[in-house]
Amino acid sequence: MDKDRALIICSLSAILYSTIVGSAPAPADVDCSRRQDFNAVRGCCTIPTFHFKAFQKQCGRYMPESGPRVSPCLYDCIFNATGVLTGSEVDAENARSMLKRLLGNNQDFVDVYLDGMLQCPGAVDAMLRSKRPRPMPGVEQCSPVPLYYGICTTKHMFNYCPSSSWSDTELCETARLQNLHCPTMRASRGGGPRPI
Ligand SMILES: *[C@@H]1O[C@H](CO)[C@@H](O)[C@H](O)[C@H]1NC(C)=O
């Protein structure tokens, strides 16, 4: 009798165990050693154009005539103008209004970027700590932190791209799963998408 009961409990545990394990993502399917081809994955998530001109008045001097160029100073200036950071804390309301100005009516993108902003402090801190001591010439007066938020949120956007803007190919899906499940990919700054 006791033997039977033990057997039943044992099989129930096995079923329960496989149910729990089965419902979790399967990182074992993801090949973390496969390198990502930046040019191949850059089109996976179609991001709306950032409307930097919305900050022309305050930050126009960091927007050269020859078209939009991403610089630490431009990001720093926009963060300053909108009060996104209080010390090292992200102000969610100010971040949302900055994103609305940059992205217009793309509500789903505003939401994902905001979510990224709130999750990025750790990654930004890691980038700051691994930064080379000597800054790039000409940008000494600007903090690199806002640009690091740009890099981190771009990666977040890649991983949580609104489905209507996501190119559902095997290549893109593999890159996304790698980002989500491979620790080295998550930490690395290479291979992933670049900031806009
Ligand atoms: C942003 O604000 C900080 C602190 O006031 C200042 O040091 C920095 O120069 C400002 N950045 C820009 C681009 O104006």
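In this text, all values refer to a predicted model and were calculated from it rather than measured experimentally. (Residues numbered from 1 in each chain as written. Predicted model: local features only at pLDDT ≥ 70, side-chain atom pairs only at ≥ 80, totals over all residues. Heavy atoms only, no water.)

## So, the overall build of the protein chain
And then number 1: Assigned secondary structure in the protein chain consists of 10 helices and two strands.
And then number 2: In the protein chain, the order of α-helices and β-strands from amino to carboxyl end is α-α-α-α-β-β-α-α-α-α-α-α.
And then number 3: Burial analysis of the protein chain (196 residues in total) assigns 36% to the buried set.
And then number 4: The contacts in the protein chain between residues at least 6 apart in sequence include a share of 66% that link residues at least 24 apart.
And then number 5: Accessible area for the protein chain stands at about 12,300 Å²; split by element, carbon and sulfur atoms hold 56% of it. (Helix = DSSP H or I, 4+ residues; strand = E, 2+ residues; numbered from the N terminus. Buried < 20%, exposed > 50% of the residue type's maximum accessible area, 1.4 Å probe, protein only. Contact = heavy atoms within 4.5 Å. Areas by Shrake-Rupley, 256 points an atom, 1.4 Å probe, with all protein chains shown as cover.)

## Some points on the packing of helix H7 (residues 121–129) against helix H8 (residues 145–159)
Two quantities define a packed helix pair, namely the angle between the axes and the distance from one axis to the other.
And then number 1: In the contact formed by H7 and H8, the axes pass within 9 Å of each other and the chain directions differ by 125 degrees. Taken together, H7 and H8 sit at an angle that is classed as oblique. As for the relative orientation of H7 and H8, their crossing is right-handed in sense. In this structure, H7 contributes Pro121, Ala123, Val124, Met127 and Leu128 to the contact, and H8 contributes Val145, Tyr148, Tyr149, Ile151 and Cys152. (Axes fitted to C-alpha atoms, helices over the stretch in contact; angles between N-to-C directions. Parallel < 35°, antiparallel > 145°, perpendicular 65-115°, else oblique. Left-handed = near helix turned anticlockwise from the far one by under 90°.)

## Notes on the packing of helix H5 (residues 92–103) against helix H6 (residues 107–119)
And then number 1: The interhelical angle for the contact between H5 and H6, taken along N-to-C directions, is 140 degrees, at an axis separation of 9 Å. Compared by their axis directions, H5 and H6 come out oblique. Considering how the two elements wind past one another, H5 and H6 form a crossing that is right-handed. Contact residues: Ala92, Ala95, Arg96, Leu99, Lys100 and Leu103 in H5; Gln107, Phe109, Val110, Asp111, Tyr113, Leu114, Met117 and Leu118 in H6.
And then number 2: Of the residues assigned to the contact of H5 with H6, the class counts are 10 nonpolar, one polar and three charged. (Nonpolar A, V, L, I, M, F, W, Y, C, P; charged D, E, K, R; others polar.)

## What to know about the site of the ligand
And then number 1: Within the structure, the ligand sits among Tyr62, Cys73, Asp76, Cys77, Asn80, Gln141 and Cys142.
And then number 2: The contact in question runs from a nitrogen atom of the ligand to an N or O atom on the side chain of Asp76, over 2.9 Å.
And then number 3: Take Asn80: an N or O atom from its side chain is 2.3 Å from an oxygen atom of the ligand.
And then number 4: Summarising the interface, the protein chains cover 48% of the accessible area of the ligand, which totals 360 Å² for the free molecule.
And then number 5: Partitioned by chemical class, the residues of the shell around the ligand number four nonpolar, two polar and one charged. (Near = heavy atom within 4 Å. Polar contact = N/O pair within 3.5 Å; in protein donor to acceptor, adjacent residues only side chain to side chain.)

## A short note on the environment of Leu99
And then number 1: Inspection of the secondary structure assignment puts Leu99 in helix H5.
And then number 2: The class for Leu99 is buried, based on a relative accessible area of 3%.
And then number 3: Taking the C-alpha atoms as reference, Leu99 lies 9.8 Å from Thr82; in sequence the two are 17 residues apart.
And then number 4: Beyond its immediate sequence surroundings of up to four residues, Leu99 is in contact with Gly104, Val110, Tyr113, Leu114 and Met117.

## Some thoughts on the packing of aromatic side chains
And then number 1: What the rule picks out here adds up to five aromatic pairs.
And then number 2: Here the aromatic rings of Phe50 and Phe52 are separated by 5.8 Å at their centres, their planes lie at 45 degrees, and the arrangement is tilted. With respect to class, Phe50 is no different from Phe52; both count as buried.
And then number 3: Linked through ring pairs, Phe50, Phe52, Tyr75 and Tyr113 together constitute an aromatic cluster. (Phe/Tyr/Trp six-rings, centres within 6.5 Å; stacked < 30°, edge-to-face > 60°.)

## Let's talk about the pattern of salt bridges
And then number 1: Counted under the stated rule, the structure contains three salt bridges.
And then number 2: Residue Asp111 is joined to Arg96 by a salt bridge in which the shortest nitrogen-to-oxygen separation is 3.3 Å. In this pair, Asp111 sits in helix H6 while Arg96 sits in helix H5, placing the two residues 15 residues apart along the sequence.
And then number 3: The exposure class of Asp111 is partly exposed, given its relative accessible area of 36%. (Salt bridge = Lys/Arg side-chain N within 4 Å of Asp/Glu carboxyl O.)

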